[in-house]
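Remarks on the overall topology
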Amino acid sequence: MSSVLTMNECLGRDLALELVRVTEAAALAAGRWMGRGQKEAGDEAAVHAMRAMLRTVDIDGVVVIGEGEKDEAPMLFNGEAVGTGQGPAVDIAVDPVEGTSLLAHGRPDSIAVIGVAPRGTMWSPGPGFYMNKLVVGREAREAVSPASLALPVAELLAAISEAKRKAVADLTVFVLDKPRHVGLIADVRAAGARVLTRTDGDVAGALMAATPGSGVDVLMGIGGTPEGVISACAVRALGGAMLGQLAPQKPDEREALLAAGLDIDRVLTECDLVASDDVFFSATGITDGLLMQGVRYTDGGSTTHSIVMRGKSRTRRMIQAEHCLDKVRTIGSCNEA
């Protein structure tokens, strides 16, 4: 076998590291707003920093999954062209601050994330804002199928525990702490498993569930559809399994989905959500979390912790970066309209 890398392999390696720079910029800008109670301001800072950094990346990118419409927040909007225009044609899924409330209140696991896949491979949720999800890591991927979303919680957890060769009592299930999940949380506890809750941030939860050795075994429950597509990028890169089904929370959302011709009953897999294994995912911690530390500011600059993954090679890198003060100031000045 030749040891010479092809051009595509070289571009892939370069792109993975360029994407880390994108999420680092968003995290550095947002981190200044940690605990200040102003989630819109933190999100806006991250959006401008991420957009500015994306302009420097050699891709012909289109934002397929942007953030903001559901929460009426600033966003990299759907259909926006990003990158230099020179390079591979790709779909982009972004969330400059995943967990804006976590950031505003200084709570764990607010992250900046981006997913990239070849043009035309990311599923578009249209007017669907919410999705019922299940995520497991590669050890348990054979234990789940599209029928799993309809199983009783105890039966599902028993199948996952058998696949992972650990007792149900040793499983940890990530669930968003929302009123709609009161019954689900009760069922998980009744089955004997442990529950890890966050008020926001189910991309971080999916990343935890799909990452070996994270301490989280499963993600369950209803979260955002944009977050579902971003999560699928990470799940594919890690070799895990994901199920998702549209779960409208309001009558007008259901009517909009039906009018758009979307099948509410269809259960999507990670391969439906992102139809390519040539996928990239990067996340940088904004606040301290289970997988990554948050941004640390010092007199001389700052430090960040990131995870970057490439689906084709199944490579996962943990990157700790030190940023000089001049760079941090430059990113802070990117918050123009």
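Refer to the structure above for everything that follows.
Our subject in this report is the structure included herewith. (Residues numbered from 1 in each chain as written. Predicted model: local features only at pLDDT ≥ 70, side-chain atom pairs only at ≥ 80, totals over all residues. Heavy atoms only, no water.)

1. Quick word on the overall build of the chain
- Across its full length, the chain carries 10 helices and 14 strands.
- On C-alpha atoms alone, the chain measures out to a radius of gyration of 19 Å, which is about the 20 Å that the 2.2 N^0.38 rule sets for 337 residues.
- Overall, the chain is about 55 × 55 × 45 Å in size when its C-alpha atoms are taken along their principal axes.
- Across the 337 residues of the chain, 53% fall into the buried class.
- Of all intrachain contacts in the chain linking residues separated by at least 6 positions in sequence, the fraction that spans at least 24 positions is 71%.
- When the accessible surface of the chain is totalled, it reaches about 14400 Å², and 49% of it is carbon and sulfur.
- The distance from the centre of the 33 positive side-chain charges to the centre of the 43 negative ones in the chain is 4 Å. (Helix = DSSP H or I, 4+ residues; strand = E, 2+ residues; numbered from the N terminus. Rg over C-alpha atoms; globule rule 2.2 N^0.38 Å. Buried < 20%, exposed > 50% of the residue type's maximum accessible area, 1.4 Å probe, protein only. Contact = heavy atoms within 4.5 Å. Areas by Shrake-Rupley, 256 points an atom, 1.4 Å probe, with all protein chains shown as cover. Lys, Arg positive; Asp, Glu negative; His and termini not counted. Charge placed at Lys NZ, Arg CZ, Asp CG, Glu CD.)

2. Considerations on the side chain of Arg198
- Positionally, Arg198 belongs in strand E7 (residues 194-198).
- Classification of Arg198 by relative accessible area gives buried; the value is 15%.
- If sequence neighbours within four positions are ignored, Arg198 has contacts with Pro108, Asp109, Phe174, Val175, Leu176 and Asp177.

3. Describing the packing of helix H4 (residues 153-164) against helix H5 (residues 182-191)
- At their nearest, the axes of H4 and H5 sit 9 Å apart, and the two run at 55° to each other. Looking at the two axes, H4 sits oblique to H5. Considering only the axes of H4 and H5, their crossing is right-handed. Across the interface between the two elements, Val153, Ala154 and Leu157 from H4 touch Leu184, Asp187, Val188 and Ala191 from H5.
- Here the residues of the contact of H4 with H5 are counted per class, giving 6 nonpolar, no polar and 1 charged. (Axes fitted to C-alpha atoms, helices over the stretch in contact; angles between N-to-C directions. Parallel < 35°, antiparallel > 145°, perpendicular 65-115°, else oblique. Left-handed = near helix turned anticlockwise from the far one by under 90°. Nonpolar A, V, L, I, M, F, W, Y, C, P; charged D, E, K, R; others polar.)

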